[in-house]
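Survey of secondary and tertiary structure
Residue-level listing of the chains:
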Amino acid sequence: MKIIWYGHSCFEITGSDGTVIFDPYQEGSIPGLNKLHLKGNLVLCSHEHDDHNARDCVDVLPKEFKVEKIETYHDHHLGSRRGKNTIHILTYENMKVVHMGDIGCRPENWQMDLLKGADAVMAPAGGFYTAEPSVIYEIIKEIRPRVVIPMHYRTAGSGFPVLKTCEEFLSYCSNVVRYETDTLVLDKETGNQT
């Protein structure tokens, strides 16, 4: 399986059975990011904010995938400030991939149980609009995925100024592997480095 990051929270996951796009962003919704034009078989959006819901920028040739959805909140006030958020759990190529969207609080215990055993988790790392890096780290520590891919943070060239860079989130983590590319090949060996 190949995972490509297009910036912010937008990912493309491609394997032998097709392509899934997570959280494509509307043109102009995120400073420093280019317009998207993608192709895929399924588009999954965690919520309806413009930086996560640009279904119209994806040419879709529909195909069925095994996806489980967990309804959570975009803030720690039961969604009263930013609304709801959907975590998507994609089972694909005999692996479990979790996209946490703009999660703003710790999931309930039964939801945490569903997240356990993931091969990869795409987790927001920039705080402010989502849970803070320390909270995300505690969630990750509890669900123990093989690979964590930070998203939704500010870089030198893109992102909302109020977001933290990825470095604060990484300061909580150990066993960090940096890739000098936007693409990760995920297989049963990825993340098993000692």
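Before reading further, recall that the structure is shown in the block above.
Here the structure is a predicted model, which means the values were calculated and not measured. (Residues numbered from 1 in each chain as written. Predicted model: local features only at pLDDT ≥ 70, side-chain atom pairs only at ≥ 80, totals over all residues. Heavy atoms only, no water.)

**Examining the sheet that holds strand β1 (residues 2–7)**
Counted only if it meets this: Note on pairing: DSSP must find at least two bridges between two strands before they are called paired. Secondary structure counts use DSSP, requiring at least four H or I residues in a row for a helix and at least two E residues in a row for a strand, with both numbered from the N terminus. Angles run from 0 to 180 degrees between N-to-C directions of axes, and those axes are lines fitted to C-alpha atoms, restricted for helices to the stretch in contact.
Spatially, β5-β3-β2-β1-β12 is the arrangement adopted by the 5 strands of the open sheet, whose pairing is mixed. Looking at strand neighbours, the two that pair on one side only are β5 (42–44) and β12 (183–185), the edges of this open sheet. The mean inter-strand angle of the sheet, taken between neighbouring strand axes irrespective of direction, is 20°. The pairing of strand β3 (residues 18–22) with β5 spans 3 bridges and is classified as parallel. By the bridge assignment for β5, V20 is matched with L42.

**With respect to the sheet that holds strand β9 (residues 95–99)**
Taking strand neighbours across the sheet as the criterion, the 5 strands line up as β7-β8-β9-β10-β11 in an open arrangement whose pairing is mixed. The sheet terminates laterally at β7 (66–73) and β11 (147–151), the two strands that pair on one side only. The mean inter-strand angle of the sheet, taken between neighbouring strand axes irrespective of direction, is 20°. Sheet topology places β9 next to strand β10 (residues 120–124); 3 bridges connect them, and they run parallel.

**Comments concerning the side chain of S9**
Where we set the bar: When accessible area is computed with a 1.4 Å probe and restricted to protein chains, residues below 20% of their type maximum are described as buried, those above 50% as exposed, and intermediate ones as partly exposed. Any two residues having at least one pair of non-hydrogen atoms within 4.5 Å are treated as being in contact.
Within the secondary structure, S9 is located in the loop between β1 and β2 (10–15). Relative accessible area serves as the criterion here: at 0%, S9 is assigned to the buried category. Here S9 is in contact with F22, D23, H52, H99, D102, M151 and H152, once residues within four sequence places are set aside.

**Some thoughts on the packing of aromatic side chains**
This is how the line gets drawn: Centres within 6.5 Å make a pair out of two Phe, Tyr or Trp rings, where for Trp the six-membered ring is used; the pair is then stacked when the planes are under 30 degrees apart, edge-to-face when over 60, and tilted otherwise.
Enumeration according to the criterion identifies 5 aromatic pairs in this entry. Note on F65 and Y92: the rings are 5.5 Å apart at their centroids and 65° apart in plane angle, and the pair reads as edge-to-face. Here Y92 lies in strand β8 (residues 84–92) and F65 lies in the loop between β6 (58–60) and β7, a separation of 27 residues in the sequence. Take F65: its relative accessible area is 15%, and that puts it in the buried class.

**Let's talk about the side chain of H99**
Spelled out, the test is: Under the rule applied, a polar contact is a pair of N or O atoms within 3.5 Å (in protein, one hydrogen donor and one hydrogen acceptor; residues adjacent in sequence only if both atoms are side-chain atoms).
Looking at where H99 falls in the secondary structure, it is placed in strand β9. Here H99 falls in the buried class, since its relative accessible area comes to 0%. A polar contact of 2.9 Å, which involves the side chain of H99, links it to the backbone oxygen of S9.

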